[in-house]
Amino acid sequence: MWEVELKPEIKKDLRDPKQYVKGMNMTYNGITITMVGVLMMMILYFTRPEHVLRPFWIQILGMLIAAWGEFLKFRAK
């Protein structure tokens, strides 16, 4: 979904640049999934207020993916 490319001066400072890019992509994907869950909650708030918390699992899933991406970035430094 996202295409991240590092500058050459940043690549030199990293131990594993490919894993860092993979972590960055996963972090962006996780944040995107979380924001989709927020958007679904906003739509449900106006259409069916009693079901507004149903997409909460989508937000949790997005945050877990983003956290895994941050972990990959941390290990690649």
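Residues numbered from 1 in each chain as written. Predicted model: local features only at pLDDT ≥ 70, side-chain atom pairs only at ≥ 80, totals over all residues. Heavy atoms only, no water.

## As for the overall build of the protein
Part 1 of the argument: Check the secondary structure of the protein and you find three helices and zero strands.
Part 2 of the argument: Ordering the α and β elements of the protein from the N terminus gives α-α-α.
Part 3 of the argument: Against the 2.2 N^0.38 benchmark of 11 Å for 77 residues, the protein shows a C-alpha radius of gyration of 16 Å, more extended than a compact globule.
Part 4 of the argument: Expressed along its principal axes, the backbone C-alpha trace of the protein runs to roughly 50 × 20 × 15 Å.
Part 5 of the argument: Counting every position in the protein, which comprises 77 residues, the buried fraction comes to 34%.
Part 6 of the argument: A total accessible area of about 5900 Å² is found for the protein, and carbon and sulfur atoms account for 67% of it.
Part 7 of the argument: For the protein, the distance from the average position of its 11 positive side-chain charges to the average position of its 7 negative side-chain charges is 4 Å. (Helix = DSSP H or I, 4+ residues; strand = E, 2+ residues; numbered from the N terminus. Rg over C-alpha atoms; globule rule 2.2 N^0.38 Å. Buried < 20%, exposed > 50% of the residue type's maximum accessible area, 1.4 Å probe, protein only. Areas by Shrake-Rupley, 256 points an atom, 1.4 Å probe, with all protein chains shown as cover. Lys, Arg positive; Asp, Glu negative; His and termini not counted. Charge placed at Lys NZ, Arg CZ, Asp CG, Glu CD.)

## As for the side chain of Asn-25
Part 1 of the argument: Take Asn-25: it is sitting in helix H2 (residues 17-47).
Part 2 of the argument: For Asn-25, the contacting residues outside a window of four places in its chain are Trp-2, Glu-3 and Val-4. (Contact = heavy atoms within 4.5 Å.)

## Things to note about the pattern of salt bridges
Part 1 of the argument: Counted according to the given criterion, the structure contains one salt bridge.
Part 2 of the argument: Where Glu-70 meets Lys-73, a salt bridge forms, and the shortest distance between an N and an O atom there is 3.2 Å. Of this pair, Glu-70 and Lys-73 both sit in helix H3 (residues 56-76), three residues apart, roughly one helical turn.
Part 3 of the argument: Given the relative accessible area of 12%, Lys-73 is considered buried. (Salt bridge = Lys/Arg side-chain N within 4 Å of Asp/Glu carboxyl O.)

## Section: the packing of H2 against H3
Part 1 of the argument: Axis separation between H2 and H3 bottoms out at 7 Å; the angle between their running directions is 165°. With respect to each other, H2 and H3 are oriented roughly antiparallel. Here H2 and H3 pass one another in a crossing that is left-handed. (Axes fitted to C-alpha atoms, helices over the stretch in contact; angles between N-to-C directions. Parallel < 35°, antiparallel > 145°, perpendicular 65-115°, else oblique. Left-handed = near helix turned anticlockwise from the far one by under 90°.)

## A look at the packing of aromatic side chains
Part 1 of the argument: Inspection of every chain in the model, using the stated rule, returns two aromatic pairs.
Part 2 of the argument: For the ring pair Tyr-45 and Phe-46, a centre distance of 5.2 Å and an interplane angle of 85° mean the geometry is edge-to-face.
Part 3 of the argument: For Tyr-45, a relative accessible area of 52% corresponds to the exposed category.
Part 4 of the argument: An angle of 35° between the planes, with centres 5.3 Å apart, marks the rings of Trp-68 and Phe-71 as tilted. Of this pair, Trp-68 and Phe-71 are both found in helix H3, three residues apart, which corresponds to roughly one turn of the helix. (Phe/Tyr/Trp six-rings, centres within 6.5 Å; stacked < 30°, edge-to-face > 60°.)

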